[in-house]
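# Inside the fold
Chain by chain, the residues:
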Amino acid sequence: MRRLLLATVCGIAALSFNCAQLVAAQKPSGPANATEWPLHGGDYNEQRYSPLKQVNADNVGKLGLAWFADLSEKGQWQSTPVVVDGRIYVTTPWSKVYAYDAATGKALWKYDPKVPREIAATRLCCNNSNRGVTFYKGKVIWGTLDGRLVAVDARKGSKVWETRTTDIKDDMSITGAPRVGDGLVFIGQGGGEYFQRGYLSAYDADTGKLRWKFYVVPGDPSKGPDHAASDSVMPMAAKTWSGEWWKTGGGGSPWDGIVYDPQTDSVIFGTGNGAPWPAEDRSPGGGDNLFIASIVSLDAKTGQYRWHYQAVPQENFDFDNTSPLTTADLTIDGQKRHVVMQLPKDGVSYVIDAATGKVISAKLVVPYANWLTGFDKENNWKPIINPDSNYGKTRKGWFVTPFQTHVWYPQSFNPQTGLLYVGIRYATFGYVAELGAKMGNQLLGINIAKRPEMGPPPLEGAGQWLTAWDPVTQKEVWRAKDGVANSGTMTTAGNLVFQGTGRSNFTAFRADNGEKLWSMEAGASVQAGSITYQVGATQYVAVVAGAPRAAGGNRLLVYKLGGSVTLPPTPPAAPLVVSAPENFGDAATLEKGQQLWQQNCSLCHEGGRGMGGFPDLRYSALLQSDAAFKAVVIDGVLTENGMLSFAKTLKPQDAESIRAWVTKLANDVRNAPPAPTFGPAGPPQAAPATTPPPAPQTGLHSG
Ligand code: CA
């Protein structure tokens with residue numbers, strides 16, 4: 001309607017005033033072509049909402065597979081596809097991009113930016129995933145694990161420009177999707193625990209040339225200003241730090257949530273946790289530590305500071321505030337408000353005025369939290385931090401609740417129902433500070449093998465679910481217990497919400513009441529965000545299914561009404577058999593091996609603690625051979641599978657100590673077989689609805 005009115009006004013009054021200025025002032029909130037999915041979050045609002053409704057709540061039961069593409073890369077699968085001009089673009093582990101005909105699945109081109117695996121080995125905090133591309137004027141643009149932005153011709157797959165966004169000597173990586181707006185590409189990076197200062201930077205979308213850079217945390221004051229867009233606010237930020245924070249970097253890496261807002265011509269982004277993790281260790285004596293764990297708004301053109309809201313001052317818990325951001329126009333107390341919404345790891349739903357940063361409301365989405373005691377509403381809803389939770393100061397450790405409520409998994413907002421759809425986890429996790437403690441090369445400042453003596457608090461109703469949250473009333477409208485924390489959502493005008501569920505299902509719920517309407521086996525777990533688009537007369541729904549050790553393989557799956565393609569059957573999981581040699585190594589070797597195992601390996605390779613999906617090494621045949629074990633751990637022969645070389649961290653004799661320790665663990669299993677905690681196809685995603693709380697499945701940290 002607005003476009004029609006504008007066209008009429010411009011037609012009549014073109015001579016009396018500058019119509020181009022009016023059009024510019026009335027910029028649409030996103031690309032208007034509703035049949036496509038041209039940007040990471042669908043449109044500029046990142047609502048992941050489509051007005052398409054050929055597939056709807058009445059007929060979604062007839063949704064079937066139209067085509068699929070096998071994807072051979074190994075690792076984590078987090079990519080939201082993008083669709084423009086009948087082509088679909090999807091990223092894979094190691095930052096590759098594939099293009100297909102969106103209607104037929106015909107392969108069009110593939111681009112491999114050739115991320116040096118040995119460089120990646122030193123700077124990957126978490127995994128080798130990529131969350132997707134963006135599209136700008138005939139170019140597909142995305143980030144690489146080694147810190148580059150690459151733009152290729154969307155039709156031909158040939159490189160248009162490439163630019164480095166991080167210093168090659170810094171251990172920083174890109175897994176997030178770039179965003180575009182105002183002719184610029186915006187990108188952050190991960191790796192705050194590698195002695196880094198996070199930053200957001202903007203590049204000319206036509207040329208790749210750097211336009212501005214905004215540091216999240218202040219640098220070494222003896223070095224003077226950065227000559228960056230953040231210079232004007234770094235003195236203010238520095239007042240919130242103490243000690244010699246710059247020696248460990250400070251962290252704050254903006255590794256996922258970014259939204260370009262045309263209504264305010266701003267870029268709004270989430271910042272990561274502080275590093276090292278205990279606030280007392282990085283900033284002794286206190287301080288809020290701006291701008292970690294915050295939402296920050298900048299002028300899109302210049303990168304100049306507009307506003308910030310710090311969700312977690314004096315952050316202690318790897319509470320990245322980098323979760324997805326969504327803008328929307330809501331009616332609150334009878335007034336139209338243009339807001340930005342976020343529901344991050346800390347368990348709070350934030351609704352904030354996008355122009356001013358004034359918090360409209362903030363509300364806990366889980367039953368209980370112990371990191372804060374309330375909000376200071378007179379002070380723009382600054383949280384009141386529970387002093388007992390400052391475990392770096394008390395040196396007593398702390399089980400923080402909630403934990404990893406919502407990490408990077410895409411959220412969606414449906415303007416028809418007025419609801420925000422988010423996968424939620426309700427859990428707790430114990431932190432014990434240890435000055436200088438590392439995990440691999442990462443300075444965490446906690447001992448990851450220790451838990452606080454106090455024990456975990458009882459959690460009523462712990463588990464995970466899909467929530468339909470009303471951001472106006474800040475109340476849950478419905479909850480799907482089949483839904484999970486570790487999967488993105490997408491919603492449509494067909495009264496539908498899509499999410500991955502269970503071990504490897506893709507599922508549709510009714511958007512207004514949560515009724516489960518359709519579900520199909522996807523062959524591997526569905527964690528990434530799904531999309532929908534129309535080519536010709538047909539609406540399609542697309543999603544990536546994949547996991548580090550998916551028995552059935554990783555695929556791009558595309559559905560339509562009446563689709564009848566079937567997936568090949570998933571081969572049965574191989575049985576777990578201990579094939580370790582006899583125990584070996586003296587007590588000192590075993591002690592060293594245990595210590596190194598906990599520092600470097602157990603996060604991925606031990607049940608109940610970590611990332612999930614990686615092999616349980618107690619059942620590994622590699623234990624039989626010191627040469628084979630070293631070839632993997634030191635030489636990195638399984639790098640392509642996501643097992644990186646530890647040559648920078650471990651010596652060959654260290655690998656042998658680890659092999660001795662894991663051999664002992666394996667023989668413990670052989671002598672008293674427990675139920676395996678780790679299947680080769682990865683842990684099930686659906687947690688039982690009963691206590692105890694499920695172990696976090698995204699990894700101890702994630703950016
Ligand atoms: Ca983190």
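Scroll up a little and you will see the structure.
Residues numbered from 1 in each chain as written. Predicted model: local features only at pLDDT ≥ 70, side-chain atom pairs only at ≥ 80, totals over all residues. Heavy atoms only, no water.

## Points about the overall build of the chain
Using the following cut-off: Counting from the N terminus, the helices are DSSP H or I runs at least four residues long and the strands are E runs at least two residues long. The criterion used for residue contact is that any of the two residues' heavy atoms lie within 4.5 Å. For every accessible area listed, the method is Shrake-Rupley and the probe measures 1.4 Å; residues are considered covered only by the protein chains on display.
Looking only at helices and strands, the chain has ten helices and 41 strands in total. For the chain, the proportion of contacts with a sequence separation of at least 24, taken over those separated by at least 6, is 62%. Only carbon and sulfur atoms are counted for the fraction: they give 53% of the accessible area of the chain, which is about 25600 Å².

## Here's the deal with the sheet that holds strand β16 (residues 258-261)
To be explicit about the condition: Two strands are said to pair when DSSP picks up at least two bridges between them. Note on geometry: axes are C-alpha line fits, over the in-contact stretch for helices, and angles between N-to-C directions span 0 to 180 degrees.
Strand order in the open sheet formed by four strands is β16-β17-β19-β20, and the pairing between neighbours is antiparallel. Strand pairing shows two members of the sheet lacking a second neighbour, β16 and β20 (305-310), which therefore form its edges. Averaged over all adjacent pairs, the angle separating strand axes in this sheet is 15 degrees, with direction ignored. Pairing between strand β17 (residues 266-270) and strand β19 (residues 294-299): five bridges, direction antiparallel. By the bridge assignment, V267 is partnered in β19 with L298.

## Comments concerning the side chain of T467
Spelled out, the test is: We call a residue buried when its accessible area falls under 20% of the maximum for its residue type, exposed when it is over 50%, and partly exposed in between, using a 1.4 Å probe and counting protein chains only. Pairs of N or O atoms are called polar contacts if they sit within 3.5 Å, as long as, within protein, a hydrogen donor faces a hydrogen acceptor (for residues adjacent in sequence, only side-chain-to-side-chain pairs).
Inspection of the secondary structure puts T467 in strand β33 (residues 463-470). Of the residues examined, T467 reaches a relative accessible area of 1% and is grouped as buried. Of note is the side chain of T467, whose polar atom sits 2.6 Å from the side chain of E476. What T467 contacts, discounting residues up to four positions off in sequence, is L420, Y421, V422, I424, E476 and W478.

## What to know about unusual backbone geometry
Each neighbour pair has its own omega, and for A275 with P276 the value is -5 degrees, a cis peptide bond. For P276, the location among the structural elements is in the loop between β18 (274-275) and α5 (279-282). For the bond running from T401 to P402, omega is -5 degrees, close enough to zero to count as cis. Relative to the assigned elements, P402 resides in the loop between β27 (398-400) and β28 (412-414). Unusually for a residue other than glycine, D333 sits at a positive phi of about 50 degrees. Within the secondary structure layout, D333 lies in the loop between β21 (326-332) and β22 (335-342). Taking the relative accessible area as the measure of exposure, D333 reaches 79% and is therefore exposed. The backbone of Q474 sits at a positive phi, close to 55 degrees, despite the residue not being glycine. Checked against the element boundaries, Q474 lands in the loop between β33 and β34 (475-480). Relative accessible area serves as the criterion here: at 4%, Q474 is assigned to the buried category.

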